[in-house]
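The chain contents come next:
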Amino acid sequence: MTETLAAARVVTPAGVLAPGVVEVDGGVITAVGSATGPVPARTLVPGFVDLQVNGIDDVDVAGARGTDWDRLDELLVAQGVTAWCPTLVTNALDSFAAPLAEIAGAAARPPDGRPAIAGAHLEGPFLGAMHGAHPHQHVVPFDDAFLKELPPVVRLVTLGPEQPGAPAVIADLTNRGITVALGHSAASFDEVAAAAGAGASLVTHCFNGMPPLHHREPGMVGAALSDPRLAVSLIADLVHVHPAALTIAFRAKGAARVVLVTDAVAWRSHTVGDIRVRFDGRAPRLADGTLAGSALSMDRALRNVVGHAGIGLADAVRAAATTPADLLGLADRGRIEVGARADVVALDDDLEVAAVRIGGERVR
Ligand code: ZN
């Protein structure tokens, strides 16, 4: 049965229809066009795709079991997220098997009415020189056996391109269908360029976990902002990155090369895997003040870049949905267009989440 969703604005890859209408049948978008007649005062956007979620509120991804995954689903839906990457940070090599098996189990649940787990994101342990909140003792050189035996649930790996052998590892992971991101690194501009040449396609939380831009040693930030092969993810909580730096990233890259991530952690339960954090009212931190993920939600990230960084809604939506889907090769998500999965979020005039559909099913 065809359902018709009309709205004052519909954000599509081809532009904003105002007013617009979306037809949904069998969980798929079957038509998109201009509306005639009265329409509800809301904005329809594609469901958001968050590539970096370590936890939310009081649920840590690394320790999630059983019904914790249902709670994560609810928390994600509340922020308009319809596909995501549970993210594990640096830890001992032999500690990853159990949480990755949990993530694979959660991903294999019936898809009805819940955000899709697009695959796990391993942020570490093969990082570069800037560890941030990652436990130093567990940042290690590439381990061939570990990499060879990565389970298929791993979809995204953040690594340091200054690690010896990085181009070969990046080429191998990319050939296996794993998206490679660069981050937590003091790599040179040339090392980052070599990594992009080998297939890396993303710089993880640009500006954070890397030295600032230097005009004679442009390093990772300089490569990230200037190399069209690389997209950049941004933590737009207005704590990790100044609004002006968000604007710079969008202007330098264009919206098709920017990804909004939350990098959220279980700030309320003070845990990220084995790491203890405290919440200072704005962001979670280690005892020494080092930022340790965020308490951000994707809908707030969208509002922040629109409201504080001067980014147009369509570009912000692209960064929150379309570009992250593209980086994972999910051509049928993150966009309101014919043939795409009907993952559709209705935003009110304040860009707050008013309703969510996943595969056409109303879940909020
Ligand atoms: Zn990080």
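Treat the numbers as computed from the prediction; the structure is a model and nothing was measured.

Enquirer: Quick question: what am I supposed to make of the domain arrangement of the protein chain here?
Expert: Note on interface size: it is often stated as the accessible area lost on association of the parts. When the domains of the protein chain are assigned, the result is domain 1 (1-46 + 334-364) and domain 2 (48-332). Each of domain 1 and domain 2 has a C-alpha centre, and these two points are 28 Å apart. Taken together, the contacts link 23 residues of domain 1 with 25 residues of domain 2. Between domain 1 and domain 2, the buried area comes to about 1900 Å², and carbon and sulfur atoms account for 65% of it.

Enquirer: I keep staring at the coordination of the zinc ion and nothing clicks. Help me out?
Expert: By definition of the ideal shapes, a tetrahedral metal site with four donors has angles of 109.5 degrees and an octahedral site with six donors has angles of 90 or 180 degrees. At this site the zinc ion is bound by Glu123 (OE), His184 (NE2) and His205 (NE2), with donor distances of 2.0 to 2.1 Å. Sequence positions of the donors to the zinc ion reduce to the motif E-x60-H-x20-H. Taken as a pair, Glu123 in strand β12 (residues 120-123) and His184 in the loop between β14 (179-182) and α5 (189-198) lie far apart in primary sequence, 61 residues in all. For His184, a relative accessible area of 5% puts it in the buried group.

Enquirer: Help me understand the state of the cysteines in this model?
Expert: Where two cysteines share a covalent bond between their sulfur atoms, that bond is called a disulfide. Within this structure, the stated rule accounts for zero disulfides. In this structure Cys85 is not part of a disulfide, and its nearest cysteine sulfur, from Cys206, lies 19 Å away.

Enquirer: Just to check I follow, could you spell out helix α8 (residues 298-308) for this structure?
Expert: Counting along an α-helix, one turn takes 3.6 residues, and residues three or four places apart therefore face a common direction. Among the residues of α8, Met298, Asp299, Ala301, Leu302, Arg303, Asn304 and Val305 are the ones counted as buried. Following α8 by one or two positions, Gly310 has its phi on the positive side, about 70°.

Enquirer: Could you clarify how one ought to interpret the packing of aromatic side chains in this entry?
Expert: For any two aromatic rings, the description comes down to two numbers: the centre-to-centre distance and the angle of the planes. The final tally for this structure, using the stated rule, is five aromatic pairs. Where Trp69 meets Trp84, the ring centres are 6.2 Å apart and the plane angle is 45°; that geometry is what we call tilted. Remark: Trp84 occurs in strand β10 (residues 81-89) and Trp69 occurs in helix α1 (residues 68-78); sequence separation between them is 15 residues. A residue is classified by how much of its surface remains accessible, and Trp69, at 2% relative accessible area, is buried.

Enquirer: Hey, could you run me through the nonpolar core in this one?
Expert: One recurring pattern in soluble globular proteins is that nonpolar side chains are buried together. With 99 residues, the main nonpolar core has Leu51, Leu159, Leu182 and Leu260 as its most contacted residues. Here this core gathers at least three residues from each of two domains, domain 1 (1-46 + 334-364) and domain 2 (48-332). When residues no more than four places from it in sequence are discounted, the contact partners of Leu159 are Phe126, Leu127, Phe142, Val169, Ile170, Leu173, Val180, Ala181, Leu182 and Gly183. Leu5, Val24, Ile29 and Ile336 belong to the second largest nonpolar core, which has 13 residues in total.

Enquirer: Can you walk me through the layout of surface pockets in this structure?
Expert: The method is simple in principle: a probe with the dimensions of a water molecule rolls over the atoms, and the space it marks as empty is what remains. By volume, the largest pocket is sized at about 290 Å³. Together, 20 residues line the largest pocket, and Gly132, Ala133, His184, Leu291 and Gly293 are the ones closest to its centre. Of the residues belonging to the lining of the largest pocket, the class tally is nine nonpolar, nine polar and two charged.

Enquirer: Could you clarify how one ought to interpret the environment of Ser297 in this entry?
Expert: Along the chain, Ser297 turns up in the loop between β21 (284-285) and α8. Ignoring anything within four residues of it in the chain, the contact list for Ser297 reads Gln79 and Thr262.

Enquirer: Explain helix α6 (residues 219-226) here, please?
Expert: Burial analysis of α6 places seven of its eight residues in the buried class, which makes it a mostly covered element. All of the buried residues along α6 are Gly219, Met220, Val221, Gly222, Ala223, Ala224 and Leu225.

Enquirer: Looking at this structure, how should I read the pattern of salt bridges?
Expert: Note on pairing: side chains with opposite charge can pair once their charged atoms come close. Per the counting criterion, the structure on display carries 18 salt bridges. Between Arg303 and Asp299 there is a salt bridge, with the nearest N and O atoms lying 3.1 Å from each other. A residue pair is termed a helical-turn pair when its members lie 3 or 4 positions apart in one helix, as Arg303 and Asp299 do in helix α8 at four residues. This pair shows no difference in class: Arg303 is buried, exactly as Asp299 is. In this structure, Glu352 and Arg303 form a salt bridge, with 3.6 Å as the shortest nitrogen-oxygen distance.

Enquirer: I'm lost on the sheet that holds strand β1 (residues 3-7) in this one. Help?
Expert: Two modes of strand pairing occur in sheets, parallel and antiparallel, and in both the strands are linked by backbone hydrogen bonds. Spatial strand order, β1-β4-β5: three strands in an open sheet with antiparallel pairing. Every interior strand has two partners, whereas the edge strands, β1 and β5 (28-34), have only one. Between one strand axis and the next, the sheet turns through 20° on average, direction left out of account. As defined by bridge partners, strand β4 (residues 20-25) adjoins β5 across six bridges and the pair is classed as antiparallel. Considered in β5, the bridge of Asp25 is made with Val28.

About the criteria used
- Residues numbered from 1 in each chain as written.
- Predicted model: local features only at pLDDT ≥ 70, side-chain atom pairs only at ≥ 80, totals over all residues.
- Heavy atoms only, no water.
- Domains from an automatic or database assignment.
- Contact = heavy atoms within 4.5 Å.
- Buried area = accessible area lost by both parts, 1.4 Å probe.
- Donors = N, O, S within 2.8 Å, 3.2 Å for Na, K, Ca; no water.
- Helix = DSSP H or I, 4+ residues; strand = E, 2+ residues; numbered from the N terminus.
- Buried < 20%, exposed > 50% of the residue type's maximum accessible area, 1.4 Å probe, protein only.
- Disulfide = S-S within 2.5 Å.
- Phe/Tyr/Trp six-rings, centres within 6.5 Å; stacked < 30°, edge-to-face > 60°.
- Core = buried A, V, L, I, M, F, W, Y, C linked by side-chain atoms within 4.5 Å.
- 1 Å grid on protein atoms, 1.4 Å probe; cavity = no way out; pocket = protein on both sides within 12 Å on 5 of 7 lines; lining within 4 Å.
- Points joined across faces, edges and corners; volume = space filled by probe spheres on them.
- Nonpolar A, V, L, I, M, F, W, Y, C, P; charged D, E, K, R; others polar.
- Salt bridge = Lys/Arg side-chain N within 4 Å of Asp/Glu carboxyl O.
- Pairing = 2+ DSSP bridges.
- Axes fitted to C-alpha atoms, helices over the stretch in contact; angles between N-to-C directions.

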